[in-house]
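# Structural overview for review
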Amino acid sequence: MRFRTDRNRRLYNYRKALAVALAVSVPLGLWTKAHRGVWQAWINGFAGAIVYEMFFIFLISFLFPELEAWAIAVAVFVLTCLLEFLQLWNPPLLAALREMVIGKLFLGSTFAWWDFPHYLLGCLLGGSIVFALQAKILTPKQSDRL
C-alpha cells in the first residue's frame, strides 16, 4: 500500500490496531453473557460492562482518530452512566426495545449501582489502551520530524 504522507501511514496503522481491539472485544463481550463456570455471577453480571466501555472507546477512536483518548473515555463514561439511569424509566418504546436482544445488549434491562465502578474500570482500561496506541503509533518519532 502506498501512502501520500507519513501521517496517512500512521493513521492507517492506528486504525488497524483499533480494528484488532474491536475484533477481540466483540466476541469477548458476548462471551461474558454466555459464560458458565468459575465466577459466573460476576462475569455474567459485570465483566460485560467493562468490555462494553472498552468497545465504545475503541469504536469512537477508530471513527475519530483525532480525538484524545481521555476525552473519549470521559464521554463514554458519562453516556453509559446516563444509559444506566435511563433503565429506571420504562416507557413503552424503551420497554419494547429492551425486549429485543440488540436493545437489551445496548440499553440494558435493569439498573444496578454496581455497574458504575465497572464502567469506570472499563473506561480506564480502554482509555489507557487508546492513549498508548496514540503515543506509540500516531505521535511522530524524532527521526520523522527531520
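Scroll up for the structure.
In short, a report on the structure. Computed from a predicted model, the values in this text were never measured in an experiment.

### Description of the pattern of salt bridges
Inspection of every chain in the model, using the stated rule, returns two salt bridges. Among the ionic pairs, Asp 6 bridges to Arg 9, the shortest N-O distance being 2.1 Å. With Asp 6 and Arg 9 both in helix H1 (residues 6–34), this residue pair falls three residues apart, about one helical turn. Exposure remark for Asp 6: the relative accessible area of 27% places this residue in the partly exposed category. Across the pair Arg 10 and Asp 6 runs a salt bridge whose closest N-O atoms are separated by 2.3 Å. Remark: Asp 6 and Arg 10 occur in helix H1; sequence separation between them is four residues, near one turn of the helix.

### Observations regarding the packing of aromatic side chains
A complete count under the given rule lists 11 aromatic pairs for this structure. Residues Phe 85 and Trp 113 carry aromatic rings whose centres are separated by 5.9 Å and whose planes lie at 80° to one another, so their mutual orientation is edge-to-face. Residue Phe 85 is found in helix H3 (residues 69–86), and its partner Trp 113 is found in the loop between helix H5 (101–107) and helix H6 (115–138); the two are separated by 28 residues along the sequence. Taking relative accessible area as the criterion, Phe 85 reaches 38% and is therefore assigned partly exposed. Overall, the relative accessible area of 59% leaves Trp 113 in the exposed class. An aromatic cluster is defined as three or more aromatic residues linked by ring pairs; in this entry it consists of Phe 85, Phe 111, Trp 113, Phe 116 and Tyr 119. If you follow Arg 15 out to its NZ or CZ, it ends over the ring of Phe 62, 5.7 Å from the centre.

### Observations regarding the nonpolar core
Grouped together as the largest cluster of nonpolar side chains are 21 residues, with contacts concentrated most on Tyr 14, Leu 18, Ile 57, Phe 58, Val 76 and Val 130. Of all the elements in the fold, those that place two or more residues in this core are H1, helix H2 (40–63), H3 and H6. Contacts of Val 76, omitting those with residues within four sequence positions, involve Glu 53, Phe 56, Ile 57, Ile 60 and Cys 123. The next biggest cluster of nonpolar side chains, apart from the first, holds five residues, and it includes Ala 49, Cys 81, Phe 111 and Tyr 119.

### Regarding the packing of H1 against H6
Running from amino to carboxyl end, H1 crosses H6 at an angle of 150°, the nearest separation of the two axes being 9 Å. Classified by the interaxial angle, the pair formed by H1 and H6 is roughly antiparallel. At the point where H1 passes H6, the crossing takes the right-handed sense. Contact residues: H1 offers Arg 10, Leu 11, Asn 13, Tyr 14, Ala 17 and Leu 18, while H6 offers Val 130, Leu 133, Gln 134, Ile 137 and Leu 138.

### Structural notes on unusual backbone geometry
In the Ramachandran plot, Trp 39 falls in the positive-phi region, its phi being about 55° despite a non-glycine side chain. Within the secondary structure, Trp 39 is located in the loop between H1 and H2. Overall, Trp 39 belongs to the exposed group, its relative accessible area being 62%.

### A short note on the environment of Ala 47
Following the sequence through the fold, Ala 47 ends up in helix H2. Of the residues examined, Ala 47 reaches a relative accessible area of 9% and is grouped as buried. Sequence separation of Ala 47 and Asp 115 is 68 residues, and the distance between their C-alpha atoms is 9.2 Å. With sequence-adjacent residues up to four places away left out, Ala 47 is seen in contact with Thr 32 and Trp 42.

What counts as what
- Residues numbered from 1 in each chain as written.
- Predicted model: local features only at pLDDT ≥ 70, side-chain atom pairs only at ≥ 80, totals over all residues.
- Heavy atoms only, no water.
- Salt bridge = Lys/Arg side-chain N within 4 Å of Asp/Glu carboxyl O.
- Helix = DSSP H or I, 4+ residues; strand = E, 2+ residues; numbered from the N terminus.
- Buried < 20%, exposed > 50% of the residue type's maximum accessible area, 1.4 Å probe, protein only.
- Phe/Tyr/Trp six-rings, centres within 6.5 Å; stacked < 30°, edge-to-face > 60°.
- Lys NZ or Arg CZ within 6 Å of the ring centre and 35° of its normal.
- Core = buried A, V, L, I, M, F, W, Y, C linked by side-chain atoms within 4.5 Å.
- Contact = heavy atoms within 4.5 Å.
- Axes fitted to C-alpha atoms, helices over the stretch in contact; angles between N-to-C directions.
- Parallel < 35°, antiparallel > 145°, perpendicular 65-115°, else oblique.
- Left-handed = near helix turned anticlockwise from the far one by under 90°.

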